[in-house]
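# Fold and contact review
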Amino acid sequence: MSQKSPTRIPAHTRHFTVQLSATRRGARLARLLAERQLDAWGEPYDAAAHVVAELASNAVRHGRVLGRDFRLRLELRADRTLRVEVTDARGDRVPRVPDPVAEDAEGGRGLLIVEAYADRWGVTQAPAGAKTVWAELALAHRRIAVRHDPGGPDAKNPKNRGKNPPAPTAPAAHPQG
């Protein structure tokens, strides 16, 4: 009799990649597409949307080369770590966290926002003189939208007396574009 070893199922990783024009419209679209993709995967997207918005904005503002696009890549790993990558054409302009900026300054906070939301971030060189700025976020557990009626059937159930009802949450909004 032969002994069977358990079948190992590889960890599930999801990928999303899109190339966008290096314009303000492309940066806004990057955020919108990231939100929609993460929502389709059933994952929360608020923190990731801020990171994508900042990295895409930086790619457009500081990494733009006329006639070249930028690329957004999302990788959701089995451990629910999301890796966000934005690749632009300016490998010679490596981002750095700036010195403290004046309160009334219009810019200079993008990477501080990325640092606030991401568990870690960095820069790698990409082919053809480009660079990839990446950030990794551990995604929080998503709350399911629950509509609670205090006078509903759960309130009359003796098992539920004295218990706090589940906190209601609003369903995720889908921006129209």
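Because the structure is predicted, anything quoted here is derived from the model rather than measured. (Residues numbered from 1 in each chain as written. Predicted model: local features only at pLDDT ≥ 70, side-chain atom pairs only at ≥ 80, totals over all residues. Heavy atoms only, no water.)

## Quick look at the sheet that holds strand β2 (residues 70-76)
Under the convention used in this document: Here the rule is simple: two strands pair whenever DSSP picks up at least two bridges between them. Numbering of helices and strands runs from the N terminus, with a helix taken as a DSSP run of H or I at least four residues long and a strand as a DSSP run of E at least two residues long. To obtain each axis, a line is fitted to C-alpha atoms, and for helices this fit is confined to the stretch in contact; angles are then taken between N-to-C directions over 0 to 180 degrees.
Taken together, the 5 strands give an open sheet; going across it, the order is β1-β2-β3-β5-β4, and neighbouring strands pair in antiparallel fashion. Two strands lie at the open edges of the sheet, namely β1 (14-20) and β4 (120-126), each paired on one side alone. Direction aside, the axes of adjacent strands within the sheet are offset by 15° on average. Inspection of the sheet shows β2 paired to strand β3 (residues 81-88) by 6 bridges, in the antiparallel sense. When the bridges of β3 are listed, E75 appears paired with R83.

## Quick look at unusual backbone geometry
The phi dihedral of R80 is positive, around 70°, even though this residue is not glycine. Its location among the elements puts R80 in the loop between β2 and β3. Phi is positive for A128, which is not a glycine, with a value near 60°. Structurally, A128 can be placed in the loop between β4 and β5 (130-138).

## Regarding the pairing of β2
Both faces of the sheet carry side chains from a regular strand, because those side chains alternate between them. Note the threshold: Throughout this description, buried means an accessible area under 20% of the type-specific maximum (1.4 Å probe, protein chains only), exposed means over 50%, and partly exposed covers the range between.
Counting buried positions along β2 yields 6 of 7 residues, so the element is predominantly enclosed. In this sheet, β2 lies alongside β1 in antiparallel orientation, the contact comprising 7 bridges. Within β2, the position partnered with Q19 by the bridge is R71.

## As for the nonpolar core
Rules: By nonpolar core is meant a set of buried Ala, Val, Leu, Ile, Met, Phe, Trp, Tyr and Cys residues that side-chain atoms within 4.5 Å join together. Pairs of residues are marked as contacts when any of their non-hydrogen atoms sit within 4.5 Å.
In terms of nonpolar packing, the biggest core is built from 31 residues, with L55, F70, L72, L74, L82 and V84 touching the most fellow members. When contributions to this core are tallied by element, the ones reaching two or more residues are β1, α1 (24-40), α2 (46-62), β2, β3, α3 (110-117) and β5. Per-element tally for this core: the top contributor is α2, with 7 residues. Residues within four places of L55 in sequence aside, it is in contact with V84, V86, L111, V114, V133 and A135.

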